[in-house]
Amino acid sequence: KITYIPNGPDPEDFKPSAAREVLRERYGFDQITAVYAGAHGPANGLDLLLDAAYQIRTLPISIVLVGSGVEKDRLIARAKRDHLENVRFMDPVPKSKIPDLLYASDIGLHVLADVELFQTSVSPNKVFDYMAASLPIVTNCSGYVTRIVGEAECGIGVQPRNLAEGIEKILSYDPTALGMSGYQWLLN
């Protein structure tokens, strides 16, 4: 017998500890902020996010990567080498502080490497965390994750190498409406 237990957060666990303005100041978020919170490993495909950051470098948006992993030092070196002034790396944040980080952010980024398997065989915990925090989402994981984001009407799904397009496009949407739509989807 198999029991399927889907991945998902309790939205009650995503209540911030302070006002948004206070949290944005705490994290140094002074413009539109798209956050990636998670592992910095080969499967995460964060070079695709740095590629996107380069493509949108003239937009008033910063990309913040929070976490750790075997690729982090190399990614930091690449961002420095490529003069990606719109990219910032932060140390890992304890799970208990993630609600504050997400509340201070404007967009949640779900990024994976361009691997065919990821189109059908991933459990997108970051996506569900972003929904619980009422964040609009951009994902480059076409297939299953894009279907969830589309069904929930909480963001944009793009092909793996089209993150810049998704980030640029989401800026024209109503972030409150997208965020609330994802939150409501979680409750249903």
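None of the values given here were measured: they were computed from a predicted structure. (Residues numbered from 1 in each chain as written. Predicted model: local features only at pLDDT ≥ 70, side-chain atom pairs only at ≥ 80, totals over all residues. Heavy atoms only, no water.)

Caption draft 1: Examining the environment of isoleucine 167 more closely. With respect to the helices, strands and loops of the structure, isoleucine 167 is situated in helix H7 (residues 163-170). Between the C-alpha atoms of isoleucine 167 and isoleucine 61, which are 106 residues apart in sequence, the distance is 9.3 Å. Among all residues touching isoleucine 167, those that are not within four sequence positions of it are Leu49, Ala52, Ile56, Ile61, Ile63, Leu109 and Val138. (Helix = DSSP H or I, 4+ residues; strand = E, 2+ residues; numbered from the N terminus. Contact = heavy atoms within 4.5 Å.)

Caption draft 2: Representation of the nonpolar core in the model. Membership of the largest hydrophobic core comes to 31 residues, with the highest contact counts inside it found for Val66, Met90, Leu101, Leu102 and Met131. Elements that contribute at least two residues to this core include exactly helix H1 (20-27), strand E1 (32-37), strand E2 (61-66), helix H4 (98-104), helix H5 (125-132) and helix H6 (144-152). Considering every element that reaches this core, the biggest residue donor is H5, with five residues. Methionine 90 has contacts with Tyr27, Phe29, Val64, Leu65, Val66, Gly67, Lys72 and Leu101, leaving out every residue within four places of it along the chain. Judged by nonpolar contacts, the second largest core, of 28 residues, contains Ala34, Tyr36, Ala164 and Ile170. (Core = buried A, V, L, I, M, F, W, Y, C linked by side-chain atoms within 4.5 Å. Buried < 20%, exposed > 50% of the residue type's maximum accessible area, 1.4 Å probe, protein only.)

Caption draft 3: Molecular detail of the sheet that holds E2. The six strands lie next to each other as E3-E2-E1-E4-E5-E6, forming an open sheet whose pairing is parallel. Each of the sheet's edge strands pairs with one partner strand only, and the pair in question is strand E3 (87-90) and strand E6 (155-157). Strand-to-strand, the axes of this sheet are offset by a mean angle of 20°, without reference to chain direction. Across six bridges, E1 lies against E2 in parallel orientation. Residue pairing for E2: threonine 33 is matched across the bridge by serine 62. Packed on one face of the sheet, H7 meets E2, strand E4 (107-110), strand E5 (137-139) and E6 and runs near 165° to E5. (Pairing = 2+ DSSP bridges. Axes fitted to C-alpha atoms, helices over the stretch in contact; angles between N-to-C directions.)

Caption draft 4: Molecular detail of the packing of helix H2 (residues 46-55) against helix H3 (residues 72-81). Contact geometry of H2 with H3 gives a least axis separation of 11 Å together with a crossing angle of 15°. Judged by the angle between their axes, H2 and H3 are roughly parallel. For the crossing formed where H2 meets H3, the hand is right-handed. The residues of H3 that touch H2, namely those facing Leu46, Asp47, Leu50 and Asp51, are Arg74, Leu75, Arg78 and Ala79. Considered class by class, the residues forming the contact of H2 with H3 number four nonpolar, no polar and four charged. (Parallel < 35°, antiparallel > 145°, perpendicular 65-115°, else oblique. Left-handed = near helix turned anticlockwise from the far one by under 90°. Nonpolar A, V, L, I, M, F, W, Y, C, P; charged D, E, K, R; others polar.)

Caption draft 5: Quick peek at the packing of aromatic side chains. Scanning all chains against the criterion turns up two aromatic pairs. On the numbers, 6.4 Å between centres and 0° between planes, the contact of phenylalanine 128 with tryptophan 185 is stacked. Pair noted here: phenylalanine 128 is in helix H5 and tryptophan 185 is in helix H8 (residues 175-187), with a separation of 57 residues, a long-range link. Under the relative-accessibility criterion, tryptophan 185 is labelled partly exposed at 26%. Here the guanidinium or amino end of arginine 57 rests over the ring plane of tyrosine 54, the centre of that ring lying 3.8 Å away. (Phe/Tyr/Trp six-rings, centres within 6.5 Å; stacked < 30°, edge-to-face > 60°. Lys NZ or Arg CZ within 6 Å of the ring centre and 35° of its normal.)

Caption draft 6: Summary view of the pattern of salt bridges. A complete count under the given rule lists twelve salt bridges for this structure. Two residues, arginine 26 and aspartate 100, come together in a salt bridge whose shortest N-O distance is 3.5 Å. Of this pair, arginine 26 sits in helix H1 while aspartate 100 sits in helix H4, and the two are 74 residues apart along the sequence. For aspartate 100, a relative accessible area of 3% translates into the label buried. Between aspartate 114 and arginine 161 there is a salt bridge; the shortest N-O distance is 3.2 Å. Placement of aspartate 114 in the loop between E4 and H5 and of arginine 161 in the loop between E6 and H7 is noted, with a sequence separation of 47 residues between them. Bridged by salt links that share partners, the residues Asp47, Asp51, Glu71, Arg74, Arg78, Arg81 and Asp82 form one connected network. (Salt bridge = Lys/Arg side-chain N within 4 Å of Asp/Glu carboxyl O.)

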